[in-house]
Amino acid sequence: MELVKIDRVIFTVALTVVGGFMGHTLGIPAGALLGSMVAVGAANLLGARPEMPQSYNIIAQMVLGGFLGLTITRDVMASVRTHVVASMMVVALLCIFGVATGFIVSRLTGIELYTSLFGSAPGGMQEIVALSQAYQVDHSAVVMIQTVRRVLIVVIYPLMVAAISKLTNILYYRAGR
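Owing to the predicted nature of the structure, the values given are computational and were not obtained by experimental measurement.

Trainee: Honestly, the packing of helix α1 (residues 6-25) against helix α2 (residues 31-45) in this entry has me stumped. Any pointers?
Mentor: When two helices pack together, you describe them by how their axes are tilted relative to each other and by the distance separating the axes. Where α1 contacts α2, the axes come no closer than 6 Å and their chain directions differ by 135°. Classified by the angle their axes make, α1 and α2 are oblique. As for how α1 packs across α2, the hand of that crossing is right-handed. Packed against α1, whose contacting residues are F11, T12, L15, T16, G19, G20, G23 and H24, the element α2 presents G31, A32, G35, S36, A39, V40 and A43 at the interface. The residue makeup of the contact of α1 with α2, split by class, is six nonpolar, nine polar and no charged.

Shown next, in the form of structure tokens:
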């Protein structure tokens, strides 16, 4: 049984809620996750000693699993037939390139292989970080790599799509729609 001081747990939960709310309200990508992480991390760095029982991590993973389950609807399942080949190609290519990127980054930077593999994994940051909890990796490095990846993708990807749009003379995105 874990022994934690309840006042530290309450303090940590309060930091988590305030930081998460601020990150979400500011519109930061994965703002609730990042805001919570920054708030608790900052308190930890400042010596406040926030604390959370490890068993809460299991509960958080269950809740995340439930939210992911909510995305599996009849409409989604009905459209699977239409897009199954494209979906499988995307999954296969993303996995291949994600693993290759993880290996290359690990070799070039010296980051532990599994940390690099989870840092390089495509997908939602919350889900990847939750999955990495089952492995002995540097979770703060996974979060940092995933955060930088996500922020840069949000900035760079639309620019790449706009460039392709100009090159092909096809404009799919129209501002103000």
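Trainee: What should I look at first to understand the packing of aromatic side chains in this one?
Mentor: By convention here, two paired aromatic rings are described through the distance between centres and the angle between planes. Inspection of the entire model under this criterion finds two aromatic pairs. On the numbers, 5.1 Å between centres and 50° between planes, the contact of F118 with Y135 is tilted. With F118 in helix α5 (residues 113-120) and Y135 in the loop between α6 (125-132) and α7 (139-168), the pair connects residues that are 17 residues apart, well separated along the chain. Overall, the relative accessible area of 13% leaves F118 in the buried class. Through successive ring pairs, a cluster of aromatic residues spans Y114, F118 and Y135.

Trainee: What should I look at first to understand the environment of L46 in this one?
Mentor: With respect to the helices and strands, the residue L46 is situated in the loop between α2 and α3 (55-70). Through-space distance from the C-alpha of L46 to that of I6 is 20 Å; in sequence the pair is 40 residues apart.

Trainee: Help me out: how do you make sense of the packing of helix α4 (residues 74-109) against α5 in this one?
Mentor: Relative to each other, α4 and α5 sit at 135°, their axes nearing to 8 Å. Our classification of the angle between α4 and α5 gives oblique. Classified by chirality, the crossing of α5 by α4 is right-handed. Contact residues: α4 offers G98, V99, T101, G102, F103, V105 and S106, while α5 offers L113, S116, L117 and S120.

Trainee: Help me understand a nonpolar patch on the surface in this model?
Mentor: A grouping of I72, V76, M77, V80, V84, V85, M88, M89, L93, I96 and F97 is seen on the molecular surface, where their side chains present a nonpolar patch of about 1,100 Å² in accessible area. As for its position among the elements, V85 is in helix α4. Judged by its relative accessible area of 57%, V85 falls in the exposed class.

Trainee: Help me understand unusual backbone geometry, please; the structure alone is not making it clear to me.
Mentor: Working note: non-glycine residues mostly have negative phi, and peptide bonds are mostly trans. At R49, a position not held by glycine, the phi torsion is positive, near 55°. Along the polypeptide, R49 turns up in the loop between α2 and α3.

Trainee: Hey, could you run me through the pattern of salt bridges in this one?
Mentor: Proximity of charged atoms lets side chains of opposite charge pair with each other. In total, this model carries one salt bridge according to the counting rule given. A salt bridge links E51 to R8; the nearest nitrogen and oxygen atoms lie 3.0 Å apart. Residue E51 is found in the loop between α2 and α3, and its partner R8 is found in helix α1; the two are separated by 43 residues along the sequence.

Trainee: Sorry, what's going on with the layout of surface pockets here?
Mentor: With a probe scaled to a water molecule rolled over the atoms, the places where space remains empty come into view. The volume enclosed by the largest pocket comes to roughly 1,500 Å³. Taken together, 35 residues form the lining of the largest pocket, with T16, L33, S36, N57 and A60 sitting closest to its centre. Those elements that provide at least two residues to the lining of the largest pocket are α1, α2, α3, α6 and α7. Lining of the second largest pocket is provided by L94, F97, G98, T101, V105, G119, S120, P122, I145, R149, I153 and Y157. Elements supplying a minimum of two residues to the lining of the second largest pocket: α4, α5 and α7. Broken down by element, the lining of the second largest pocket gets its largest block of residues, five residues, from α4. Among the residues making up the lining of the second largest pocket, the classes are represented as seven nonpolar, four polar and one charged.

About the cut-offs
- Residues numbered from 1 in each chain as written.
- Predicted model: local features only at pLDDT ≥ 70, side-chain atom pairs only at ≥ 80, totals over all residues.
- Heavy atoms only, no water.
- Axes fitted to C-alpha atoms, helices over the stretch in contact; angles between N-to-C directions.
- Helix = DSSP H or I, 4+ residues; strand = E, 2+ residues; numbered from the N terminus.
- Parallel < 35°, antiparallel > 145°, perpendicular 65-115°, else oblique.
- Left-handed = near helix turned anticlockwise from the far one by under 90°.
- Contact = heavy atoms within 4.5 Å.
- Nonpolar A, V, L, I, M, F, W, Y, C, P; charged D, E, K, R; others polar.
- Phe/Tyr/Trp six-rings, centres within 6.5 Å; stacked < 30°, edge-to-face > 60°.
- Buried < 20%, exposed > 50% of the residue type's maximum accessible area, 1.4 Å probe, protein only.
- Patch = residues over 30% accessible without salt bridge, like charges linked within 9 Å, V, L, I, M, F, W, Y side chains within 5 Å.
- Areas by Shrake-Rupley, 256 points an atom, 1.4 Å probe, with all protein chains shown as cover.
- Salt bridge = Lys/Arg side-chain N within 4 Å of Asp/Glu carboxyl O.
- 1 Å grid on protein atoms, 1.4 Å probe; cavity = no way out; pocket = protein on both sides within 12 Å on 5 of 7 lines; lining within 4 Å.
- Points joined across faces, edges and corners; volume = space filled by probe spheres on them.

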